[in-house]
Amino acid sequence: MATDAAYPHICPAKLNAHWPTTIPPFDWATSKFMKWLNKLKIFLQQSGLDQYIFAPENKPDCLITEPSTSKELVAYANWLANNDLIVGIIRAAVSDVEQEGLQTNSTAKECYNALRAQAQSEGFV
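Residues numbered from 1 in each chain as written. Predicted model: local features only at pLDDT ≥ 70, side-chain atom pairs only at ≥ 80, totals over all residues. Heavy atoms only, no water.

Participant: Explain helix α4 (residues 108-121) residue by residue, including any values.
Facilitator: Over its 14 residues, α4 runs 20 Å from end to end, which matches the ideal 20 Å to within 8%, given 1.5 Å per residue. Every buried residue belonging to α4 is among Ala108, Cys111, Tyr112, Leu115 and Ala119, and all of these are buried. Within α4, the buried residues cover an arc of 95° as seen down the axis, which keeps them to one side. Residues of α4 that are buried make contact with α1 (33-46) and α2 (73-92). Positive phi shows up at Gly123, right after α4, with a value of about 85°. (Helix = DSSP H or I, 4+ residues; strand = E, 2+ residues; numbered from the N terminus. Expected span 1.5 Å × (residues − 1). Buried < 20%, exposed > 50% of the residue type's maximum accessible area, 1.4 Å probe, protein only. Arc of directions from axis to C-beta. Contact = heavy atoms within 4.5 Å.)

Take a look at the structure:
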């Protein structure tokens, strides 16, 4: 039987890129949220991290969720590192002003959801 240490169901992600400097950081005053969101989705897809935030429409249960800390120690450590990486990507992709309101001490999904909710309340979505 495979163990979590030998075959964790979540592997650590390795980025070979950074948020492109040609894409300006998202700022409520100057950016279009949906255009920025499409760039974020593409970047996360290319990094293999999109399913931490976005589930395919035809497979809504495919989000990568937090594994059990008691049963899957290695998978949990990998998930935590990947989650923190995504939060860092989101932080790099928004302006300094927008970083002030981000929920960076939560999951990447919660961080994104809060940003999207703010965009919706401001009428940008």
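Okay, back to it.
Participant: Give me the lowdown on the environment of Gln46, citing residues and values where you can.
Facilitator: Tracing the backbone shows Gln46 in helix α1. Spatially, the C-alpha atom of Gln46 lies 9.1 Å from that of Leu15, the residues being 31 residues apart in sequence.

Participant: Residues and numbers for the nonpolar core, please.
Facilitator: Core analysis: the biggest nonpolar cluster contains 27 residues, and Phe33, Trp36 and Ile90 have the highest contact counts within it. Counting only elements with at least two residues in this core, the list comes to α1, α2 and α4. In contact with Ile90, not counting residues within four places along its chain, are Leu40, Ile53, Leu102, Ala108, Cys111, Tyr112 and Leu115. (Core = buried A, V, L, I, M, F, W, Y, C linked by side-chain atoms within 4.5 Å.)

Participant: Before we move on, could you go through the packing of α1 against α2 and cite the residues and values that matter?
Facilitator: Packing of α1 against α2 brings their axes to within 12 Å, and their N-to-C directions diverge by 145°. Crossing of α1 over α2 shows right-handed handedness. Of the residues in α2, those in contact with Leu40, Phe43 and Leu44 of α1 are Ile86, Ile89 and Ile90. Among the residues making up the contact of α1 with α2, the classes are represented as six nonpolar, no polar and no charged. (Axes fitted to C-alpha atoms, helices over the stretch in contact; angles between N-to-C directions. Left-handed = near helix turned anticlockwise from the far one by under 90°. Nonpolar A, V, L, I, M, F, W, Y, C, P; charged D, E, K, R; others polar.)

Participant: Tell me about the packing of aromatic side chains, and please be specific about residues and values.
Facilitator: For the coordinates displayed, the defined rule picks out five aromatic pairs. Summarising the aromatic geometry, the rings of Phe26 and Phe33 are spaced 5.5 Å apart at their centres and angled 80° between planes, so their arrangement reads as edge-to-face. Judged by relative accessible area, which is 0%, Phe26 ranks as buried. Residue class for Phe33 comes out buried when judged on its relative accessible area of 1%. On the basis of an interplanar angle of 20° and a centroid distance of 6.2 Å, the ring pair of Tyr76 and Trp79 is categorised as stacked. Taken together, the residues Tyr76 and Trp79, both in helix α2 and three residues apart, mark about one turn of the helix. Taking the relative accessible area as the measure of exposure, Trp79 reaches 5% and is therefore buried. Members of the aromatic cluster, joined through ring pairs, are Phe26, Phe33 and Trp36. The cationic tip of Lys41 hangs over the ring face of Phe54; the distance from NZ or CZ to the ring centre is 5.1 Å. (Phe/Tyr/Trp six-rings, centres within 6.5 Å; stacked < 30°, edge-to-face > 60°. Lys NZ or Arg CZ within 6 Å of the ring centre and 35° of its normal.)

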